[in-house]
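Secondary and tertiary structure notes
These are the residues of each chain, in order.
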Amino acid sequence: MNEDSDVFLTDEAAREVLARATVLDAAQEAGIGVDALDRAVAEVIERSRKQERAPLWVRRKLFGVVDRAGAMVFYWLFVLMTMGIPPYLLVAPGRATPGQRLLAAIVMGIITTYMTWSTARAIRWADRHGWDKI
């Protein structure tokens, strides 16, 4: 591997490279050399890059959120919106007909329910896989 490369490994990936190198070193007596070590390092780097970040939908849903407490603030805000906006739209003053009010309440109910559900899923993903990957 080149000394001037700008590849940085996590502690977990570095331990995996060292373990793999130990195995290869033991196998070197059987004719496995430096090329095998380079391949092992490349494999570990590729695997760590794939696992480096959260999926796009999680990153998009938790954009700007740094920890679970901040995410829970948004979650409870969406819960309140789900419980408050649709009923308000049913009785809101204005020129809308009762059918238009009902349609607006249903649409906003669907939107706010989706926001609550998807935020809960993103929080659950981050809890399972780590908040540092967001």
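Before reading further, recall that the structure is shown in the block above.
Residues numbered from 1 in each chain as written. Predicted model: local features only at pLDDT ≥ 70, side-chain atom pairs only at ≥ 80, totals over all residues. Heavy atoms only, no water.

**Let's talk about the overall build of the protein chain**
- Of the regular secondary structure elements, the protein chain holds five helices and zero strands.
- Its helices and strands taken in sequence order, the protein chain reads α-α-α-α-α from the N to the C terminus.
- Looking at the protein chain as a whole, 23% of its 134 residues are labelled buried.
- In the protein chain, the proportion of contacts linking residues at least 24 apart, taken out of those at least 6 apart, comes to 67%.
- Carbon and sulfur atoms make up 61% of the accessible area of the protein chain, which amounts to about 9,900 Å² in all. (Helix = DSSP H or I, 4+ residues; strand = E, 2+ residues; numbered from the N terminus. Buried < 20%, exposed > 50% of the residue type's maximum accessible area, 1.4 Å probe, protein only. Contact = heavy atoms within 4.5 Å. Areas by Shrake-Rupley, 256 points an atom, 1.4 Å probe, with all protein chains shown as cover.)

**Side note on the pattern of salt bridges**
- Tallied over the full model, the rule gives one salt bridge.
- One salt bridge in this structure joins Arg 68 and Asp 127, with 2.9 Å as the shortest N-O distance. Here the residue Arg 68 occupies a position in helix 4 (residues 68-91), and Asp 127 occupies one in helix 5 (residues 98-129), the gap between them amounting to 59 residues.
- Take Asp 127: its relative accessible area is 37%, and that puts it in the partly exposed class. (Salt bridge = Lys/Arg side-chain N within 4 Å of Asp/Glu carboxyl O.)

**Structural notes on the packing of aromatic side chains**
- Per the counting criterion, the structure on display carries three aromatic pairs.
- Relative to Phe 78, the ring of Phe 74 lies with its centre 6.4 Å away and its plane at 40 degrees, an arrangement referred to as tilted. Residue Phe 74 and its partner Phe 78 are both found in helix 4; the two are separated by four residues, about one turn of the helix.
- Both rings, one in Tyr 75 and one in Trp 76, keep their centres 5.1 Å apart while their planes meet at 75 degrees; by these two values the pair is edge-to-face. (Phe/Tyr/Trp six-rings, centres within 6.5 Å; stacked < 30°, edge-to-face > 60°.)

**Focus: the nonpolar core**
- Ranked by size, the top nonpolar core spans 10 residues in total: Ala 54, Val 58, Leu 62, Val 65, Ala 71, Ala 122, Ile 123, Trp 125, Ala 126 and Trp 131.
- Top element by residues in this core is helix 5. It accounts for four residues.
- Not counting residues within four places of it along the chain, the set of residues in contact with Ile 123 comprises Leu 62, Arg 68, Ala 71, Met 72, Tyr 75 and Trp 131.
- Within the second largest apolar cluster, five residues are counted, among which are Ala 13, Val 17, Val 41 and Val 44. (Core = buried A, V, L, I, M, F, W, Y, C linked by side-chain atoms within 4.5 Å.)

**So, helix 5**
- Counted at 1.5 Å a residue, the expected span for helix 5 with its 32 residues is 46 Å, and the 46 Å between its end C-alpha atoms agrees.
- Turning to helix 5, its buried residues are Ala 105, Gly 109, Thr 112, Met 115, Thr 116, Ser 118, Thr 119, Ala 122, Ile 123, Trp 125 and Ala 126.
- Turning to helix 5, the residues buried within the fold contact helix 3 (56-61) and helix 4.
- Backbone geometry just downstream of helix 5 places Gly 130 in the positive-phi region, at approximately 110 degrees. (Expected span 1.5 Å × (residues − 1).)

**Some thoughts on a nonpolar patch on the surface**
- There is a patch of nonpolar side chains on the surface, built from Tyr 88, Leu 90, Val 91, Leu 102, Ile 106 and Ile 110 and spanning about 610 Å² of accessible area.
- If you trace the backbone, Ile 106 turns up in helix 5.
- Residue Ile 106 is classed as partly exposed on the basis of its relative accessible area of 46%. (Patch = residues over 30% accessible without salt bridge, like charges linked within 9 Å, V, L, I, M, F, W, Y side chains within 5 Å.)

**Things to note about the environment of Asp 67**
- One can find Asp 67 in the loop between helix 3 and helix 4.
- Separated by 56 residues in sequence, Asp 67 and Ile 123 place their C-alpha atoms 9.4 Å apart.

**A word on the side chain of Thr 112**
- Secondary-structure assignment places Thr 112 in helix 5.
- Within the local environment of Thr 112, its side chain forms a polar contact with the backbone oxygen of Met 108, the two atoms lying 2.8 Å apart.
- Not counting residues up to four positions away in its chain, the partners in contact with Thr 112 are Phe 78, Met 81, Thr 82 and Ile 85. (Polar contact = N/O pair within 3.5 Å; in protein donor to acceptor, adjacent residues only side chain to side chain.)

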